Amino acid sequence: AKLEEYWSLVDEVDYQIEFVDGEIFSFMSEASYSHESLIITLGIQFGLYFHAFPEYTVLGSSLKIQPPDINKSFNADLSVVRGKPEWREVLVGRQRRKGLSNPEIIVEIFSDSTRNYDQTTKLTAYQTMLSLRHVLFVEQHAPFARVVSRSEDSESWGARDYFSENDRVQLGDFSFRLGDVYRNLPA
């Protein structure tokens, strides 16, 4: 598929599609109850914390995330931007399309079909974004979170996993109790 084909489909389809090196990925299945509950619960946690800092904005999944490689375009479940949003424009035929190019935090909720894709293809592309400090991965069926963070010197990335409901998931100065995110999910 060509970049032009991808961007024309973005406007036509009513589900999310992503573009990676000439291939269009679609996740057409309906989101699960757990997935949607986790997004809202995390959105509330992030929103309450970052509301105290007017330089931050918490965003939902409909906004395109555009890494430096224009042959990749993604939708994250949540993202956080510090300062003014910056856009990376892509010329598609005669039309300019844009995606957010400066998230500081990205959140992805795992599903059975996206777990590997999220932690490989998407993570590798996300890590090329110089503004990005943390990527939070959350399992939707059992308490588990993985935070992949850029080191202070920006030279490397490290990962930390959280399994216990009493664990405090840490993303820079922001943290939340893992159990608080899962409390309303069905057993």
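This text gives an overview of the structure that appears in the document.

## Here's the deal with the pattern of salt bridges
Under the definition given, this model contains six salt bridges. Across the pair Asp69 and Lys72 runs a salt bridge whose closest N-O atoms are separated by 2.9 Å. Here the residues in one salt-bridge network are Glu108, Asp118 and Lys122, joined through shared partners.

## Considerations on the packing of aromatic side chains
In this structure the tally under the stated criterion is 13 aromatic pairs. With centroids separated by 4.8 Å and ring planes inclined at 45°, the aromatic side chains of Phe50 and Tyr56 adopt a geometry described as tilted. Classification of Tyr56 as buried rests on a relative accessible area of 16%. Ring centres of Phe110 and Phe137 lie 5.3 Å apart, and the angle between their planes is 15°; this geometry places the pair in the stacked category. Here Phe110, found in the loop between strand 9 (103-109) and helix 3 (115-126), pairs with Phe137, found in strand 10 (residues 134-138); they are 27 residues apart in sequence, far enough to count as distant. Each of the two residues, Phe110 as well as Phe137, counts as buried.

## Topic: the pairing of strand 6 (residues 78-82)
The side chains of a regular strand alternate between the sheet's two faces. Counting buried positions over the five residues of strand 6 gives four, a clear majority of the element. Pairing between strand 3 (residues 56-59) and strand 6: four bridges, direction antiparallel. Bridge pairing in strand 6 places Leu59 opposite Ser79. Relative to strand 9, strand 6 runs antiparallel, the two sharing four bridges. Counted as the bridge partner of Leu78 is Val107 from strand 9.

## Re the sheet that holds strand 12 (residues 157-162)
Pairing in this open sheet of six strands is mixed, and the strands run 3-6-9-10-11-12 from one edge to the other. Pairing within the sheet leaves two strands with one partner each, and these edge strands are strand 3 and strand 12. Between one strand and the next, the sheet's axes are offset by a mean angle of 15°, whatever the strand orientation. Here strand 10 pairs with strand 11 (residues 145-150) via five bridges, running antiparallel. Paired with His134 across the bridge in strand 11 is Ser149. Against the sheet, helix 2 (residues 33-50) contacts strand 3, strand 6, strand 9 and strand 10, and its axis sits at roughly 155° relative to strand 9.

Rules of the game
- Residues numbered from 1 in each chain as written.
- Predicted model: local features only at pLDDT ≥ 70, side-chain atom pairs only at ≥ 80, totals over all residues.
- Heavy atoms only, no water.
- Salt bridge = Lys/Arg side-chain N within 4 Å of Asp/Glu carboxyl O.
- Phe/Tyr/Trp six-rings, centres within 6.5 Å; stacked < 30°, edge-to-face > 60°.
- Buried < 20%, exposed > 50% of the residue type's maximum accessible area, 1.4 Å probe, protein only.
- Helix = DSSP H or I, 4+ residues; strand = E, 2+ residues; numbered from the N terminus.
- Pairing = 2+ DSSP bridges.
- Axes fitted to C-alpha atoms, helices over the stretch in contact; angles between N-to-C directions.
- Contact = heavy atoms within 4.5 Å.

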